[in-house]
Amino acid sequence: MSTSLFNFVEAKDKFTASAGFALTDKTSKPLINAFNQIPGSETEKKTTLDQALRGVLGDQIVERKAICDEYLSLIDLSIDGVKEGICSATTPFILLGDVLDCLPLDQCDKIFSFVEDNVSTWKSNSFYSAGKNYLLRMCNDLLRRLSKSQNTVFCGRIQLFLARLFPLSEKSGLNLQSQFNLENVTVFNKNEQESTLGQKPSEEKEDGMEVEEGEMGEDDAPAPCSIPIDYNLYRKFWTLQDNFRNPLLCYEKFSWMTFLKYSDETLAVFKSFKLDDMQASKRKLEELRASGGDHVYFAKFLTSEKLMDLQLSDSNFRRHILLQYLILFQFLKGQVKFKSSSCMLNDDQAAWIEETTKLVYQLLKEIPPDGDKFATMLEHILNTEENWNAWKNEGCPSFVKERVVDDKPKRPTRKRQAPEDFLGKGPDRKIFMGNDELTRLWNLNLDNMEACKSDSREFMPSLDEFFAEAIEQADPTNMVEDEYKVVRNSNYGWRALRLLSRRSPHFFQPTNQKFKSQADYLDTMVSKLAKELPKDIPSEEIKTGEEDDDDNGDNLLKDNNDSPSIQTKIVTNQQMDEIAAKLGAQWKTLASHLEMKAAELREIETDSEDVDMQAKLLLVAWQDREGGQATVENLSSALNAAGFSQIADNLNEA
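Now for a description of the structure that goes with this document. Treat the numbers as computed from the prediction; the structure is a model and nothing was measured.

Rules behind the numbers
Sequence positions are assigned chain by chain, starting from 1 and proceeding in written order. Confidence filtering applies because this is a predicted model: local features only for residues at pLDDT of at least 70, side-chain atom pairs given and counted only at 80 or more, and all residues used for totals across whole chains, interfaces and linings. Hydrogens and water molecules were not included; the side-chain quantities draw on all heavy atoms of the structure. Take the buried residues of types Ala, Val, Leu, Ile, Met, Phe, Trp, Tyr and Cys, join any two whose side-chain atoms come within 4.5 Å, and each joined set is a nonpolar core. The buried label applies to any residue whose accessible area, calculated with a 1.4 Å probe on protein chains only, is under 20% of its type's maximum; exposed applies above 50%, and partly exposed to all values in between. Numbering of helices and strands runs from the N terminus; a helix is a DSSP stretch of H or I covering at least four residues, while a strand is a stretch of E covering at least two. The contact criterion used is simple: two residues touch if any of their non-hydrogen atoms lie within 4.5 Å. Any pair of Phe, Tyr and Trp rings, taking the six-membered ring for Trp, is counted once the centres come within 6.5 Å. Such a pair is stacked with planes under 30 degrees apart, edge-to-face with planes over 60 apart, and tilted for the rest. We call a charge positioned above a ring when the Lys NZ or Arg CZ atom is no farther than 6 Å from the ring centre and deviates by at most 35 degrees from the ring normal. Counted as salt bridges are all cases of a side-chain nitrogen of Lys or Arg within 4 Å of a carboxyl oxygen of Asp or Glu.

**A look at the nonpolar core**
Judged by nonpolar contacts, the single largest core of 51 residues is most densely connected at Leu31, Trp122 and Phe161. Looking at this core element by element, the count peaks at eight residues for helix H4 (residues 68-84). In this structure Trp122 touches Ile79, Phe93, Leu96, Phe114, Val115, Phe127, Tyr128, Leu135, Phe161 and Leu165, once residues within four positions along its chain are discounted. Ranked by size, the runner-up nonpolar core spans 43 residues in total, among them Ile321, Phe329, Leu332 and Ile367.

In structure tokens:
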């Protein structure tokens, strides 16, 4: 009996009709019944139902008769369908994206409230992996449509939703490379000839002009500035925003001198022109607190010259500027993983930053209202920020530590470890001593006791070699005074006695001769040795292998010619910068020899388009993975294997 072909059009019509009944009855049973009755494979029916639901939504949008609640009912229906296994997990997110793309912003606000309320649903196993990219794209599309100054609350809700949806370790929402928004340029009047500062105003207000919200009337006007505001102060004050926008300018000598000069003058103005509680009256504070601070925000700086005196009199504006100083100083002093090795502060810069930080906190404490509390809270927040910076430098490890599950099968028949496993008699014949270096040294030879008996381990000198200098000094023809002879050296005498006890029969011969000192005894022994030992023929004593000491003395401790300091030396950040600059576009050749995965390479190419930065990211990823094994030796071996022998030689010489 042949199976009938799946009829897409007929199935879609049935699903569309069932969706209408389901929306009316507010239940998914009609869809489930239709799904079970229609013949065909499960994949075909799921795809058809997805298209049917999207078609129903399209009809509602085109007719423009539906309200937001009807759109949300259809999305709820698709969520139930996913839970019942009759439609794809991506369907609710596709429907949400279609609705938000077609509705005005005021209705998008209501739809987004539904998205916020269902955040627990989106984070469940059935939806998260399939819909996280859709939700991220949907939120980014909304942010592009919204105004940061007029829709501030809506933008903040979107950011908070993303923070709730994604875990803290989600790298798509992190500024891993510490990049700055260089497009945020503060525009102000840079032409002194067009400036109106210093000129007498013709008329402050024309007749019939009403005072707009946010302007100050005559009763609310602040006290006149004790320091005159001219164009130079105006220009220097707003020029500081270039350094706040791009802190890397502070590492350039000319830019730093400019920033230093302008900052001293600006902070001097803040210090000399202090605010008091008379300017921030009690009535204003009560109105501010009653409104919840809704009118106090600075989405973008207003750089009009006419507002300069009002801005200097505003406590919130001053706090904003001083906070920018503290954030800038924290970046300049902090340890940032991707900061270039050339970005270092000298002693004078560090001292100025330390002194200016104290001044900024003092100015913050003097700004009403509640200056002391504000400064203390700000210091606490910035100290907490240091922990986040350290977390980013460590590669943003996950905060969730999963319990380690031991999947290795246990050996019930053997309760104790076999002797060959820990005595080095097993298949690998390797004894583990607790750390890598001791294990390497212990396993250099198969039998360490035999290695210790080797002739190359014999370091005791021969009699003629050791006493050659003493015999030469004992010869009267050389006329060496007693006090300058080596036998008078207590250290030499102690070693001479030990050598005589091991190699000379005279040491044990009884004698009636009495010696006043050890030196006198050694003089006698040296005289006897001088008569017995031939002058030109080497001694026939036991072979010691001294002639091989220089060549073979340490062979048993070195299975290769690598120095332990090179083997254990960790690659520094400066060395990685130099290697990355030399590799350039050829960094992928080295990646295969560092055993990097294809997914890691794609992530590196996504993070940066600069080939030098891609090479640096490769080395940083390798270092994070290897940890203590990211040594100069291992990196040099990989460079040689990849064909970069010149770079490897430079690394070993560094």
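That shown, we press on.
**As for the packing of aromatic side chains**
One pass over the structure, following the stated rule, counts 27 aromatic pairs. Seen from their ring centres, Phe515 and Tyr521 are 5.4 Å apart, and the 80 degrees between their planes marks the pair as edge-to-face. Here Phe515 falls in the partly exposed class, since its relative accessible area comes to 29%. Ring pairs connect the aromatic residues Phe244, Trp256, Phe259, Tyr325, Phe329 and Trp352, which therefore count as one cluster. Positioned above the aromatic ring of Tyr134, the side-chain terminus of Arg137 is 5.5 Å from the ring centre. Here Lys339 stacks its cationic end above the ring of Phe331, 4.6 Å away from the centre of that ring.

**Considerations on the environment of Ala22**
Its location among the elements puts Ala22 in helix H1 (residues 8-25). Look at Ala22 and you get buried, because its relative accessible area is 2%. Spatially, the C-alpha atom of Ala22 lies 7.8 Å from that of Leu77, the residues being 55 residues apart in sequence. Discounting chain neighbours no more than four positions away, the residues touching Ala22 are Thr27, Pro30, Leu31 and Leu77.

**Re the pattern of salt bridges**
This structure, assessed with the given rule, holds 16 salt bridges. Residues Lys46 and Glu42 are paired through a salt bridge, measuring 3.7 Å at the closest nitrogen-oxygen approach. Taken together, the residues Lys46 and Glu42, both in helix H3 (residues 42-63) and four residues apart, mark about one turn of the helix. A relative accessible area of 23% places Lys46 in the partly exposed class. Taking relative accessible area as the criterion, Glu42 reaches 46% and is therefore assigned partly exposed. Between Asp98 and Arg54 there is a salt bridge, with the nearest N and O atoms lying 2.7 Å from each other. Placement of Asp98 in helix H5 (residues 91-102) and of Arg54 in helix H3 is noted, with a sequence separation of 44 residues between them.

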